[in-house]
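# Chains, contacts and geometry: an overview
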Amino acid sequence: MDSMAAIRQTFFQECEEQLAELETGLLSIESGDSDHDTVNAVFRAVHSIKGGAGAFGLDELVRFAHTFETALDLVRSGRIEADAALVRLMLRSSDTLADLVRVSRDGGAMDDQRVAHLHDELTRIADPDAATAAPAVSAPEASVDQTANAGEAGDDDGFVPLQVSFDGLLGGDADAEPVAADSIFRIWFRPKPELYAKANDAAKILREICSLGEADIACDVSAVPVLAELDPEGAYLSWTIRLVTGLGEDAVREVFEFVEFDCEFTVEQEMPADPVFDFEPEPVAAVLDQAASLAEGEAEAPAIPQKVMDRIAEVAVKDAAPAKPAAGGQSAQAQASQTIRVDLDRVDRLIDLVGELVINQSMLTQRVTEAGIARLSEVAVGLDDLEQLTREIQDSVMAIRAQPVRPIFQRMSRVVREVAEMTGKSVRLVTEGEACEVDKTVIERLADPLTHMIRNAIDHGLETPEERVETGKPEQGSVRLTAAHRSGRVVIEVADDGAGINRQRVLEKAVANGLVDPNAQLSDGEIDDLIFHPGFSTAGSVSDVSGRGVGMDVVKSSIQALGGRISIASQPGAGSTFTMSLPLTLAVLDGMVVNVAGQTLVVPLTAIVETLQPKEADVHGLGETSRVVSMRGAFLPLIDVGHELGYREAETDPLDGVAIMVETENRAQSVLLVDSIVGQQQVVIKSLEANYGHVFGVAAATILGDGQVAVIVDVDAVVAGRRAEPDLANRKRTAA
Amino acid sequence: MTHVNEHDTASSNELIAFRLGGQEFCVDIMSVRDIRGWTPTTPLPHSPDYVKGVINLRGSVLPVIDLAARLGFSSTEPTARHVIIVTQVGTQSVGLLVDAVSDILTITDDKIQPTPDVASALARCFMKGVLAVEGRMISLIGLDSVLHTHPNPGSVN
Amino acid sequence: MTKLVLTVDDSRTIREMLRATLVEAGMEVLQAEDGVQGLEVLEGAVPDVIVTDINMPRMDGFGFIEAVRDSARHRAIPILVLTTESVGDKKDRARRLGATGWIVKPFDPAKLVNAIHRVAA
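Along each chain, residue indices are assigned from 1 in the same order as the chain's sequence is written. Key to labels: chains lettered from A, ligands numbered from 1, both in the order written. Under the rules for a predicted model, residues below a pLDDT of 70 receive no local features and side-chain atom pairs below 80 are neither given nor counted, while totals for whole chains, interfaces and linings still include all residues. Working from all heavy atoms in the structure, the side-chain values ignore hydrogens and water.

What follows covers the overall build of chain A. Runs of E in the DSSP output that reach at least two residues are strands. Runs of H or I that reach at least four are helices, and both are numbered from the N terminus. When helices and strands are tallied, chain A shows 22 helices and 22 strands. Here's how the labels work: a residue is buried when its accessible area is under 20% of the maximum for its type, exposed when over 50%, partly exposed in between, all with a 1.4 Å probe on protein chains only. Among the 736 residues that make up chain A, the fraction classed as buried is 46%. Pairs of residues are marked as contacts when any of their non-hydrogen atoms sit within 4.5 Å. A fraction of 69% describes how many contacts in chain A between residues 6 or more apart in sequence connect residues 24 or more apart. Of the roughly 36500 Å² of accessible surface on chain A, 52% is carried by carbon and sulfur atoms. Note on areas: Shrake-Rupley with a 1.4 Å probe; residue coverage comes only from the protein chains shown.

Structure below.
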């Protein structure tokens, strides 16, 4: 069912929020900066996840959350102290809970042993003697029990997952048991005053009994006192019912489920052969009316006229909330919630339309200028205002997609914990600028590179506690993760106070790997940059932590794919700082607009190193068709973009064009030859794939100020295509 | 406008008829989103000859197919008088470059005859049938494979 | 007659689930996120039945039940407690404070609807 799928999505969204709350709470408990509310919030987060998980039959999640919750409850109630060891256990449990949530959502395997182990540890908090009593993770007895009696009182401490099914909601009685021969029950029922005080009602109970079968009801009014002695809140009536039903005694008793302590009642099964009654049956409807009016009187205190009650209620409401306007239920709700949830597609559509508006507005300006209208005329002034407004709308719309980096920074605290534990190092994570906002997609795609950098910082950057003490540093190392807005971009830094890059070793390794000429003279910065080289790994041995086949080159290319740049600054003995500069949004791109064979193209600025006018002496032929340009002693391949993209047959003379030195994701440098450079401009990225498909050599399209479509060059593909020339014919076909 | 079988409500379709290289063709009106005059396209690298390029259609990038070239006729040299029929094919929008739009027809399914064998294999694989309207023959074009799939005479739907 | 039900729960998932279930059963639903908001909603509406969670921020279910039972206008509204706490003492406490009945989470939609019909006038 659709609504179920939507609720499931809500559930997982809510889980993410609860998990963040849980972690934040635990961290503030850890830092000693917490009060009772924090503990309550932490408890509630786990409790909430359990509640929702139960509804979706996520048994494993429910079980772990339940154990976790039980342990947290002990802390909440003050029965155990949250010491450092316990908080660490809680943090690990919160990590595991997060994993379980994600596995429940996305599928995949859990480390069952880890879960079982934590389960044990948590259980032992509550009951130190419990030893290894934790159930196997996939214990079959946890299977969903549809028939569990949800209202069963007593010692049903165990939490029974019950799957929600919307089927048969309006169908017959869910409790219907197979109809045996009709049984006859004799029921006696006398409410206590408490029953009415809880808004229960004898009439409702009688109605419920009537619904079970054929009922004959007799009301005993003998206990009703004279009016003067009548307690308006008292209960004086009792009933005797003879019920003929196909249902069993349990079904009859269930009627009294909510009132069993607020009334006296007996249920006895009569032998069918016994036709003797000790009362005269009255018509059911009459009894119900009587019961209803009497019961209502008892509950509502009829001794006071209704008018007076109403007036008192009015006054009471006024006293309680003097400042509040008489708000309806819905508007009261509206006041309380300050956010709305919007489908991402709708936001993206809005962003598209605003992009359109920007283009339209600049076209209009261009036309007005062409028409020779004076700068200071009313039309021109109006257009200036329009331009201003359009910019503001664009900024506001982009801001909708922007989210604070906080959640991802919070996730890093887990990475730090895990790596610290694995490496036996003591690490403190300091975060700053969590409120800094970036495009949602940028944030999502930042998770992996950031995780890797944090791992690296701890594994390779920080020294062991012993080494640190030897060099006079505090035993605990620190990793600083900061975000800040700087000139229209967001700058994220990962800084450690470790040993800094061991340049000697980096250089040796680069030489050994043939990345650098043994005689080359490299600056410190150039040596540091070598760690971004593909396949480079500074660790002497592959460790558990960083040795996952991912190097800094991958980090660099992920950042570049986001239109970002990364750099490193390192100081021996004091630590290293990685600085990433990222665009605030992926909807626009800074590009260099160029002309090639009569076409206008856009080259992403992030790929461009510099532009230059090639000199005849610098261009050399290589083989039959290839040419290279020498740049500071290196020979870089020269690529004629017009020829490469099939806009012209013959290659141009490099001396007639402009050379753009580019760097691809794998850090290879090449020189692109274009006819001329028009300028730099921010462009709105448009999908070519939506209506057409992928085109080799093209990253996306955009619409320029004159309303024409221009393609954005895929620099990597153009450079790679040059190397794999023979494939080009095939590519043409697939591009079609 | 010509209305054939105006009173027949059985299963009538409205079709947009257009001219292309001296012949008449038509497409289901339900797949037509817009009809606009020719605007210069931005050519795409490495695209087949029947892809004229892309244009800006209210903010999205719309590929324009030279339908004549796609059907195996000689390619069109577009002028200001040419027309782009914007169609919806599945989830994609595709512009079809044609000479001129001529008519809206209302026909019933039983008026559609199978494509005669004389048409070229390439043309036949885009044709769903032919119609006889007031002595003219109009070919019904199916849009499913106009943009991407390679002509495959074996699988005509 | 359409029944008007106020649901009070801090979990968005449970709130949506309750709404789906109750709307499907032909009832109208008012929502609140905690006891404080629940009382705010009650200022402008008198539902036929209230379904409330126990564990909530600001004002929990116990406090909410107590406040409703103390209000002359609302004391007669049946209250069903929705809770994962099937443990006896939690239920007892809710009952002492004036809960009319209870539903154990995760709830079975048919049982919930039944229980509402059972306690509603």
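Anyway, onward from the coordinates.
So, about the overall build of chain B. When helices and strands are tallied, chain B shows 2 helices and 11 strands. Shown N-terminal to C-terminal, the secondary structure of chain B runs as helices and strands in the order β-β-β-β-β-β-α-β-β-β-α-β-β. For chain B, buried positions account for 49% of its 157 residues. Partitioning the intrachain contacts of chain B with sequence separation of at least 6 by distance along the chain shows that 58% fall at a separation of at least 24. With the model as given, the accessible surface of chain B reaches about 7400 Å², and the carbon-plus-sulfur share is 51%.

Residue and element names in this part refer to chain A. Along the polypeptide, A65 turns up in helix α3 (residues 59-76). Sequence separation between A65 and S48 is 17 residues, and the spatial gap between their C-alpha atoms is 9.3 Å. When sequence neighbours within four positions are dropped, the list of residues in contact with A65 reads V46, K50 and L97.

The next subject is the packing of α3(A) against helix α5 (residues 112-126) of chain A. All names here are of chain A. Lines fitted to C-alpha atoms define the axes here, with helix axes fitted over just the stretch in contact, and angles between the N-to-C directions of these axes take values from 0 to 180 degrees. Relative to each other, α3 and α5 sit at 30 degrees, their axes nearing to 9 Å. The pairing of α3 with α5 is recorded here as roughly parallel in orientation. Relative to α5, α3 is oriented so that their crossing is left-handed. Contacts between α3 and α5 pair E60, R63, F64, T67, F68, A71 and L74 from the former with D112, V115, L118, H119, L122, T123, I125 and A126 from the latter. By definition in this entry, angles of less than 35 degrees are roughly parallel, angles greater than 145 are roughly antiparallel, angles of 65 to 115 are roughly perpendicular, and the rest are oblique. What makes a crossing left-handed is the near helix being turned counterclockwise from the far one by less than a right angle; a clockwise turn instead makes it right-handed.

This part covers α3(A). All names here are of chain A. How far a helix is expected to stretch is found by multiplying one less than its residue total by 1.5 Å. Helix length check: α3, at 18 residues, gives a terminal C-alpha distance of 25 Å against a target of 26 Å (1.5 Å per residue), a fit within 8%. Among the 18 residues of α3, 14 are classified as buried, and the element is accordingly described as predominantly covered. One or two residues past the end of α3 sits G78, with phi positive at roughly 75 degrees.

Residue and element names in this part refer to chain A. Taken in spatial order, the 5 strands of this open sheet run β6-β8-β9-β11-β10, and their pairing is mixed. Only two strands of the sheet have a single neighbouring strand rather than two, namely β6 (427-432) and β10 (565-571). The mean angle between the axes of side-by-side strands here comes to 15 degrees, regardless of whether they run parallel or antiparallel. Any two strands with at least two DSSP bridges between them are considered paired. Bridge count for β6 against strand β8 (residues 477-486) is 6 bridges, and the pairing is parallel. Of the residues in β8, the one forming a bridge with R428 is S478.

Residue and element names in this part refer to chain B. With mixed pairing, 5 strands are arranged side by side in an open sheet as β4-β7-β8-β6-β5. In this open sheet, the two edge strands, each paired with only one partner strand, are β4 (32-37) and β5 (51-57). Ignoring which end each strand starts from, the neighbouring axes of this sheet average 30 degrees apart. As paired strands, strand β6 (residues 60-66) and strand β8 (residues 92-98) are joined by 3 bridges and run parallel to one another. Directly across from D66, in β8, lies its bridge partner L97.

With respect to the helices and strands, the residue A:T24 is situated in helix α1 (residues 2-30). A C-alpha to C-alpha distance of 8.6 Å links A:T24 and A:V42, two positions 18 residues apart in sequence.

All right, on to the pattern of salt bridges then. All names here are of chain A. The rule for a salt bridge is simple: a side-chain nitrogen of Lys or Arg has to be within 4 Å of a carboxyl oxygen of Asp or Glu. For the structure on display, the rule yields 33 salt bridges over all chains. A salt bridge links D439 to R401, with the shortest nitrogen-to-oxygen separation between them at 2.8 Å. Remark: R401 occurs in helix α13 (residues 378-401) and D439 occurs in strand β7 (residues 437-439); sequence separation between them is 38 residues. Of the two residues, D439 and R401, neither departs from the other in class, the shared state being buried. Several salt bridges converge on common partners, so that one network encompasses E23, D95, D99, R114, R414, R417 and E418.

Our focus in this paragraph is the nonpolar core. Generally speaking, a soluble globular protein has its nonpolar side chains buried in company with each other. Residues belong to one nonpolar core when they are buried, are Ala, Val, Leu, Ile, Met, Phe, Trp, Tyr or Cys, and are joined through side-chain atoms within 4.5 Å. If you look at the biggest cluster of nonpolar residues, it comprises 112 residues, and the most contacted ones within it are A:L97, A:F189, A:W239 and A:F256. When residues are assigned to domains, this core turns out to be shared by domain 1 (2-152) and domain 2 (178-317) of chain A, each giving three or more. Among all residues touching A:F189, those that are not within four sequence positions of it are A:L195, A:A202, A:I205, A:L206, A:S238, A:W239, A:F256, A:C263, A:E264 and A:F265. Core analysis: the second largest hydrophobic core is formed by 60 residues, A:V594, A:I608, A:V715 and B:L96 among them. What fixes the domain bounds is an automatic or database domain assignment.

Right, let's get into the interface of chain A and chain B. Contact residues are listed per partner, giving 27 residues for chain A and 26 residues for chain B. The quantity reported as buried area is the accessible area (1.4 Å probe) lost by two parts once they are put together, taken as the sum for both. Counting the surface lost from both chain A and chain B, the interface buries some 2200 Å², and carbon and sulfur atoms represent 58% of this. Counting across the interface, chain A meets chain B through 0 salt bridges. A 3.5 Å cut-off defines polar contacts: any pair of N or O atoms within that distance qualifies, except that in protein one atom must be a possible hydrogen donor and the other a possible acceptor, and neighbouring residues in sequence count only when both atoms are side-chain atoms. For the pair chain A and chain B, the number of links is 7 residue pairs in polar contact (both at pLDDT 80 or more). The set of elements that each furnish at least two residues to the side of chain A that touches chain B consists of β21 (698-703), β22 (709-713) and α22 (728-735) of chain A. Any residue outside Ala, Val, Leu, Ile, Met, Phe, Trp, Tyr, Cys, Pro, Asp, Glu, Lys and Arg is labelled polar, Gly included; the first ten of those are nonpolar and the last four are charged. For the side of chain A that touches chain B, the per-class residue count stands at 15 nonpolar, 6 polar and 6 charged.

Attention now goes to helix α2 (residues 36-55) of chain A. Residues and elements named next belong to chain A. The terminal C-alpha atoms of α2, which comprises 20 residues, lie 29 Å apart, in line with the 28 Å expected from a rise of 1.5 Å per residue. Extensive coverage of α2 is indicated by the burial of 18 of its 20 residues. Count one or two residues on from α2 and you reach G57, which has phi positive near 65 degrees.

Secondary-structure assignment places A:Q599 in strand β13 (residues 599-604). Sequence-distant contacts of A:Q599, that is, excluding residues within four places in its chain, are made with A:V594, A:Y647, B:T42 and B:P43.

Ring pairs shown here join Phe, Tyr and Trp side chains whose ring centres sit within 6.5 Å, with only the six-membered ring taken for Trp; geometry is labelled stacked below 30 degrees between planes, edge-to-face above 60, and tilted in between. Evaluation of the coordinates by the stated rule reveals 7 aromatic pairs over all chains. On the numbers, 6.1 Å between centres and 85 degrees between planes, the contact of A:F532 with A:F578 is edge-to-face. One end of the pair, A:F532, is in the loop between α18 (524-529) and α19 (552-561); the other, A:F578, is in strand β11 (residues 575-583), and 46 residues separate them in sequence. Pair check on accessibility: A:F532 and A:F578 agree, each one buried. Seen in terms of ring centroids, B:F18 and B:F25 are 6.3 Å apart; in terms of plane orientation they differ by 25 degrees. Their pairing is stacked. The exposure classification of B:F18 matches that of B:F25, with both residues buried. Throughout this description, the term charge over a ring refers to an Arg CZ or Lys NZ atom that lies within 6 Å of the ring centre and within 35 degrees of the ring normal. Positioned above the aromatic ring of A:F532 is the side chain of A:K556, whose terminal nitrogen or guanidinium carbon lies 5.3 Å from the ring centre. Over the ring of B:Y50 we find B:R70, and its NZ or CZ is 4.1 Å from the ring centre.

Here we take up a nonpolar patch on the surface. Residues and elements named next belong to chain A. To count toward a patch, a residue needs a relative accessible area above 30% and no salt bridge. Like charges then connect within 9 Å, nonpolar side chains (Val, Leu, Ile, Met, Phe, Trp, Tyr) within 5 Å. Taken together, V221, V224, L227 and L230 make up a surface patch of nonpolar side chains, about 340 Å² in accessible area. One can find V221 in the loop between β2 (214-220) and β3 (238-245). Exposure remark for V221: the relative accessible area of 40% places this residue in the partly exposed category.

One non-glycine residue, A:A597, lies in positive phi territory at about 50 degrees. Within the secondary structure, A:A597 is located in the loop between β12 (588-596) and β13. You can call A:A597 partly exposed: its relative accessible area is 27%. Its identity as a non-glycine residue notwithstanding, B:E134 has a phi of 45 degrees, on the positive side. As for its position among the elements, B:E134 is in the loop between β10 (127-133) and β11 (136-141).

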